[in-house]
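Structural overview
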Amino acid sequence: MARTSLKLILLIVLSALAVAQSGSQTTKITLLKVGRLLDVRAGKYLANQGVLIENEKIKEVGPLASVQAHAPKDAAVVDLSNATVLPGLIDCHAHVFIAAGPNSPGENMLLAVAGMSASTRALLGARLAREDLEAGFTTIRNIGHSGIDGDAALRDAVNQSWVPGPRVLASCRKLTPPGGQAVRLNPVLADKITDQEFLAVGSPDEGHKAVRENLLYGADFIKVVADADRRFVTLEEMKAIVEEAHRSGLKVAVHATTPLGIKTAVDAGVDSIEHGDEVTDDELKAMHDKGIFFDITEGFYGGRLRSLLQKSVVLSPEVDQELAAWEKKDATATPARIQRIMKAGVKFAVGSDMWFDYPGKTRGQATATMFGALRDLGMQSIDIVRAATVNAAEMIGWQDRVGVIEPGKLADLIATRGDPLQDITELERVRFVMRGGTVVRNEVKP
Ligand SMILES: [Zn+2]
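Rules of the game
- Residues numbered from 1 in each chain as written.
- Predicted model: local features only at pLDDT ≥ 70, side-chain atom pairs only at ≥ 80, totals over all residues.
- Heavy atoms only, no water.
- Helix = DSSP H or I, 4+ residues; strand = E, 2+ residues; numbered from the N terminus.
- Rg over C-alpha atoms; globule rule 2.2 N^0.38 Å.
- Buried < 20%, exposed > 50% of the residue type's maximum accessible area, 1.4 Å probe, protein only.
- Pairing = 2+ DSSP bridges.
- Axes fitted to C-alpha atoms, helices over the stretch in contact; angles between N-to-C directions.
- Donors = N, O, S within 2.8 Å, 3.2 Å for Na, K, Ca; no water.
- Phe/Tyr/Trp six-rings, centres within 6.5 Å; stacked < 30°, edge-to-face > 60°.
- Lys NZ or Arg CZ within 6 Å of the ring centre and 35° of its normal.
- Right-handed = clockwise from strand over helix to strand, strands pointing away.
- Lys, Arg positive; Asp, Glu negative; His and termini not counted.
- Salt bridge = Lys/Arg side-chain N within 4 Å of Asp/Glu carboxyl O.
- Polar contact = N/O pair within 3.5 Å; in protein donor to acceptor, adjacent residues only side chain to side chain.
- Contact = heavy atoms within 4.5 Å.
- Arc of directions from axis to C-beta.

Counting secondary structure elements, the chain contains 15 helices and 19 strands. For 446 residues, the compact-globule formula gives about 22 Å, and the C-alpha radius of gyration of the chain, at 22 Å, lands near that figure. Considering only C-alpha atoms, the chain reaches an extent of 70 × 60 × 45 Å along its principal axes. For the chain, buried positions account for 53% of its 446 residues.

Quick look at the structure:
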């Protein structure tokens with residue numbers, strides 16, 4: 001039987017099952033009693049609020065007494081009157097199919113790609129995604145490095161409740177200049193390995209083709225590497241990628257660290273710049289004018305990378321010195337760049353870029369260390385919260401679904417004990433997680 005017709009029959013059977021299932025489900029109503037609710041748009045707290053949730057969506061938000069009056073008698077009640085409630089967090093730059101470190105089969109990227117089977121890697125992804133959810137990340141954008149289609153499969157598995165996890169946006173393979181990114185291999189032998197992880201773009205035609213290939217595997221957005229060492233995606237190639245992706249309604253997120261890589265991406269009209277280390281003021285202005293997002297990925301700021309690595313491996317004196325020198329440069333350049341981004345009025349979100357096995361921390365806890373890093377480099381608490389909620393939702397194109405606590409949005413919420421606007425590292429100690437109206441964790445004492 002042809003694959004397409006088999007697929008079609010499967011789809012019909014699955015949707016028939018889904019209809020049968022939803023028909024048998026009763027409406028689930030939950031009332032959250034909230035001591036303090038953060039309105040992330042206004043940047044203000046609202047005291048004694050009620051949040052009424054019907055199945056997976058928020059139905060009503062307002063003063064507790066009036067919301068409670070509208071709640072049915074048999075509604076489940078969750079008492080968060082001793083807590084601060086925020087929208088679920090979004091990690092816009094996640095890599096849950098890599099866990100670099102000595103205690104993991106994915107010791108480095110090459111081992112993850114070449115040393116693990118696709119099945120093993122899928123299970124690693126399921127584990128790290130669950131850990132993200134438990135720490136409060138109710139949505140993640142997995143931005144490359146999941147093999148050919150690991151993140152698309154994970155998304156589907158989570159959506160069908162096969163495994164617990166956050167909502168997943170999948171990029172499938174990264175589009176890169178021929179040769180891939182961040183792997184050093186004998187070019188004569190490399191293709192078999194790099195083909196598992198990257199789609200090589202060496203012409204505009206290959207740009208079109210690569211986007212369509214990712215679509216075939218179920219990508220939700222396209223990740224491009226504009227600059228890999230001294231290899232660049234050309235403007236014509238980038239334009240072809242953007243045209244093809246936008247035709248199918250997919251956003252384009254671009255790893256770019258050099259002025260040339262950033263300029264190419266901005267000129268081609270991509271949707272977000274990831275990292276953006278050497279962004280110029282002209283490029284920031286162009287990003288502002290075109291509404292292109294800056295995805296700030298500075299979770300390792302303030303010596304965090306060296307301290308993480310020192311916990312997991314013995315660094316040679318040379319590597320340690322190299323990292324120390326990099327930190328010294330980073331200590332002035334990065335806060336200055338953040339100031340320039342804010343001053344230019346560029347839209348921004350944040351992503352962790354966490355791809356290490358962090359000793360003593362789950363992936364979610366490791367991911368949340370980015371919040372302290374962002375504070376240390378001078379971001380205001382409310383900007384950090386917005387970057388990981390309402391701004392992030394807009395960047396990924398999900399502003400109608402997540403990122404705020406409002407009627408009609410999915411009931412993805414978290415709670416902390418203390419005040420995250422006073423101490424942003426409260427987000428490292430999330431006590432309550434709800435995803436789509438279902439409580440994932442609750443350690444809030446009434
Ligand atoms: Zn990354």
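The next subject is the sheet that holds strand S3 (residues 57-63). Taken in spatial order, the seven strands make up an open sheet running S3-S2-S1-S4-S17-S18-S19, and their pairing is mixed. The outermost strands of the open sheet, each flanked by one partner alone, are S3 and strand S19 (438-442). Here the strands of the sheet are splayed against their neighbours by 30° on average, with no regard to which way each runs. Note that strand S1 (residues 29-39) and strand S2 (residues 44-54) share ten bridges and pair antiparallel. By the bridge assignment, leucine 38 is partnered in S2 with tyrosine 45.

With distances of 2.1 to 2.4 Å, the protein atoms coordinating the zinc ion are His93 (NE2), His95 (NE2) and Asp353 (OD). Spacing between the donor residues of the zinc ion along their common chain follows H-x1-H-x257-D. Taken individually, histidine 93 and histidine 95 each receive the classification buried, so the pair is uniform in this respect.

This part takes up the packing of aromatic side chains. By the definition in use, this model includes three aromatic pairs. Over the aromatic face of phenylalanine 221 sits the side chain of arginine 141, whose NZ or CZ is 5.0 Å from the ring centroid.

Overall, parallel pairing links the three strands, which are arranged S5-S6-S7 in an open sheet. Edge strands, defined here as strands with exactly one partner in the open sheet, are strand S5 (89-94) and strand S7 (167-170). Each strand of the sheet is rotated relative to its neighbour by a mean of 15°, with strand direction disregarded. The pairing of S5 with strand S6 (residues 137-142) spans four bridges and is classified as parallel.

The buried fraction of strand S13 (residues 251-256) amounts to five of the six residues, a majority that puts the element mostly inside the structure. As paired strands, S13 and strand S14 (residues 272-275) are joined by four bridges and run parallel to one another. The residue of S14 that forms the bridge with valine 254 is isoleucine 273. Note on the crossover from S13 through helix H9 (residues 259-268) to S14: the handedness is right-handed.

This paragraph deals with the side chain of aspartate 353. Among the structural elements, aspartate 353 can be located in the loop between strand S16 (348-350) and helix H13 (363-376). Lysine 223 is the oppositely charged side chain nearest to the buried, salt-bridge-free aspartate 353, at an N-O distance of 6.7 Å. Looking at aspartate 353, its side chain comes within polar contact range of the side chain of histidine 95, at 3.1 Å. When near neighbours in sequence (up to four residues on either side) are disregarded, aspartate 353 contacts His93, His95, His275, Thr297 and Phe300.

A separate point is the side chain of threonine 425. Structurally, the position occupied by threonine 425 is in the loop between strand S17 (413-416) and strand S18 (432-435). On the basis of relative accessible area, threonine 425 is assigned to the buried category, the value being 12%. In this structure threonine 425 touches Gly372 and Arg375, once residues within four positions along its chain are discounted.

What follows is about helix H10 (residues 281-290). Each turn of an α-helix holds 3.6 residues, which means side chains three or four residues apart point in the same direction. Those residues of H10 lying buried are Glu283, Leu284 and Met287. Buried residues along H10 cover an arc of 100° about the axis, so they all sit on one side. In this structure, H10 carries Asp282, Lys285 and Asp289 as exposed residues pointing more than 90 degrees from its buried face. Packing partners of the buried residues in H10 comprise H9, S14, strand S15 (293-296) and helix H12 (317-344).

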